[in-house]
Amino acid sequence: MAIVTQDPGLVQGCGCPVFVANESGQQKRLVLMLARILGGNVHDLENGVFIICKH
Amino acid sequence: MQSYGTVILAGIVAGFINRWVLLRYDYRHYPTYPHGHITHLALGFIAASLGAVAIPAITEPDWVAVTFLALAAQQFREIRDMERKTLSSLEEHKLITRGHDYIEGIARVFEMRNYLVILTALVTAGVAHLWGWQLALVAGPLMIYGTTKLMSGSTIGEIASIEPAEVSFDGALLKVADVPMMNVGLKAARDKIMSEALAVLIHPFDDEGRLTLQSPGQRMAIIHDVTSILGAKVDIGETELLPMARMHADKGYLALFIVPNEPDMDVLMEMIKRVPVLESARSSTLKSYWGRKAAD
């Protein structure tokens, strides 16, 4: 449903919105907001990229 | 020889009590609806009447009546459909669903109970007709006891052992013992899981048990029964804390985790033991010729 990253270079060719955050705190806030707005689950790819999915 | 009035009365009373006994209100939250109780008691009464009047119809003999009774018994097929529809429509708005396998099992049981009621009424009325109402007083309770025993299927406690397990995180990956469960991205959710989650490992006793636990429907039934007692800290749109059961594909055991409202490990383990083994999930394929060949 959405991808949140600090480094846009880590995400390529995807069909869903990518949100770029400036720093870690803002990224976590963005992830939480998107998860609650979209009703999805947050998954941490552990490379600084978070994805929000609907299961 | 008793009068037909006594014979029919004996059959109806035994059959109706049988339906009442089988319609226990239990912790699985079904049926909790008072109207559902009335529906099933009324249908149970009709089933008992059918069984009871069959004896006078046969002894008379009135074959037209017997044919009509056989036709009337067909109506009980509708019960399975009625239960399935009711439970499926309720399912749409549940946070933790029963699953279609469990619903199908419940619907089948409700249909079968009416046939057992007919059998109880028939046998009790038959005994009253042949040997008098005094013996019907013995036959009725015996039939009720017999059908109650017949209806109690096996449970998870009979096919597997349950032990408490540790919840841990490998980075964002939630693990129960050595079974990876899911990726939890939010730190708040990870902290909550670490402080409040309960987890168990369900070890099947044999390969048949492993196949049963592998069925997703059986796992949903386990999760549903457990959460109906312990509750789960899940809300609409916040599904990180949804209870989950995953199998270790190589070692064959099932890991289950839940963030309950009532954190009580003993109750959790007891509830899992009492979950019925679903008919659709019960495996006997390994007992067949080719199953034995495959398992050796």
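Residues numbered from 1 in each chain as written. Chains lettered and ligands numbered in written order. Predicted model: local features only at pLDDT ≥ 70, side-chain atom pairs only at ≥ 80, totals over all residues. Heavy atoms only, no water.

**Student:** Looking at this structure, how should I read the confidence of the model for chain A?
**Tutor:** As a general rule, the predicted coordinates of low-pLDDT regions are not to be interpreted in detail. Of the residues in chain A, 100% have a pLDDT of 70 or more, and the chain-wide mean is 83. Helix α1 (residues 24–38) of chain A is the least confidently modelled element of chain A, averaging 83 in pLDDT, while strand β1 (residues 2–5) of chain A averages 88, the highest of any element. (pLDDT = per-residue confidence, 0-100. Helix = DSSP H or I, 4+ residues; strand = E, 2+ residues; numbered from the N terminus.)

**Student:** Please explain the domain arrangement of chain B as it appears in this structure.
**Tutor:** Many structure descriptions define interface size as the accessible area lost when the parts assemble. Residue and element names in this part refer to chain B. If you check the domain split of chain B, you get domain 1 (4–152) and domain 2 (157–282). With 12 residues of domain 1 at the interface, the matching set in domain 2 holds 22 residues. One can count 1 salt bridge joining domain 1 with domain 2. Between Glu 279 and Arg 108 there is a salt bridge; the shortest N-O distance is 2.7 Å. Counting across the domain 1 and domain 2 interface gives 2 residue pairs in polar contact (both at pLDDT 80 or more). (Domains from an automatic or database assignment. Contact = heavy atoms within 4.5 Å. Salt bridge = Lys/Arg side-chain N within 4 Å of Asp/Glu carboxyl O. Polar contact = N/O pair within 3.5 Å; in protein donor to acceptor, adjacent residues only side chain to side chain.)

**Student:** Where do I start with the environment of Lys 192 of chain B in this structure?
**Tutor:** All names here are of chain B. Relative to the helices and strands, Lys 192 is located in helix α8 (residues 187–196). What makes Lys 192 partly exposed here is its relative accessible area of 30%. Apart from the residues within four sequence positions on either side, Lys 192 is in contact with Ala 197, Lys 233 and Leu 241. (Buried < 20%, exposed > 50% of the residue type's maximum accessible area, 1.4 Å probe, protein only.)

**Student:** Would you take a moment to explain the sheet that holds strand β3 (residues 173–176) of chain B for this structure?
**Tutor:** Paired through their backbone hydrogen bonds, the strands of a sheet run either parallel or antiparallel. All names here are of chain B. The sheet built from 3 strands is open, its strands ordered β2-β3-β4 with antiparallel pairing. Two strands lie at the open edges of the sheet, namely β2 (167–170) and β4 (179–183), each paired on one side alone. Strand-to-strand twist of the sheet, defined as the mean angle between neighbouring strand axes without regard to direction, takes the value 35°. In the sheet, β2 pairs with β3 via 4 bridges, with the strands oriented antiparallel. If you follow Asp 170 over to β3, its bridge partner there is Leu 173. Together, β2 and β3 form the strand contacts of α8, whose direction differs from that of β2 by roughly 150°. (Pairing = 2+ DSSP bridges. Axes fitted to C-alpha atoms, helices over the stretch in contact; angles between N-to-C directions.)

**Student:** Help me out: how do you make sense of the packing of aromatic side chains in this one?
**Tutor:** Each aromatic ring pair is specified by the distance between its two centres and by the angle formed by the two planes. Residues and elements named next belong to chain B. This structure, assessed with the given rule, holds 2 aromatic pairs over all chains. Measuring from centroid to centroid gives 6.5 Å for Phe 16 and Trp 20, while their planes differ by 45°, and the two rings are tilted. Of this pair, Phe 16 and Trp 20 both sit in helix α1 (residues 4–22), 4 residues apart, roughly one helical turn. A relative accessible area of 54% means that Trp 20 is categorised as exposed. Judged by centre distance (5.9 Å) and plane angle (80°), the rings of Phe 16 and Phe 45 are edge-to-face. Taken as a pair, Phe 16 in helix α1 and Phe 45 in helix α2 (residues 34–59) lie far apart in primary sequence, 29 residues in all. Site record: aromatic cluster; members linked through ring pairs are Phe 16, Trp 20 and Phe 45. Positioned above the aromatic ring of Phe 110, the side-chain terminus of Arg 113 is 5.1 Å from the ring centre. (Phe/Tyr/Trp six-rings, centres within 6.5 Å; stacked < 30°, edge-to-face > 60°. Lys NZ or Arg CZ within 6 Å of the ring centre and 35° of its normal.)

**Student:** What am I meant to see in the layout of surface pockets here?
**Tutor:** Using a probe with the size of a water molecule, rolled over the atoms, empty space left in the structure can be pinpointed. Estimated volume of the second largest pocket: approximately 720 Å³. Considering the residues around the second largest pocket, the lining is formed by 24 residues, among which His 55 of chain A together with Leu 95, Thr 239, Leu 242 and Pro 243 of chain B are closest to the centre. Those elements giving two or more residues to the lining of the second largest pocket turn out to be β3 (41–44) of chain A together with α10 (216–230) and β6 (244–247) of chain B. Top element by residues in the lining of the second largest pocket is α10 of chain B. It accounts for 4 residues. Classifying every residue of the lining of the second largest pocket gives 12 nonpolar, 8 polar and 4 charged. Mapping the lining of the second largest pocket onto the domain boundaries places at least three of its residues in each of domain 1 (4–152) and domain 2 (157–282) of chain B. (1 Å grid on protein atoms, 1.4 Å probe; cavity = no way out; pocket = protein on both sides within 12 Å on 5 of 7 lines; lining within 4 Å. Points joined across faces, edges and corners; volume = space filled by probe spheres on them. Nonpolar A, V, L, I, M, F, W, Y, C, P; charged D, E, K, R; others polar.)

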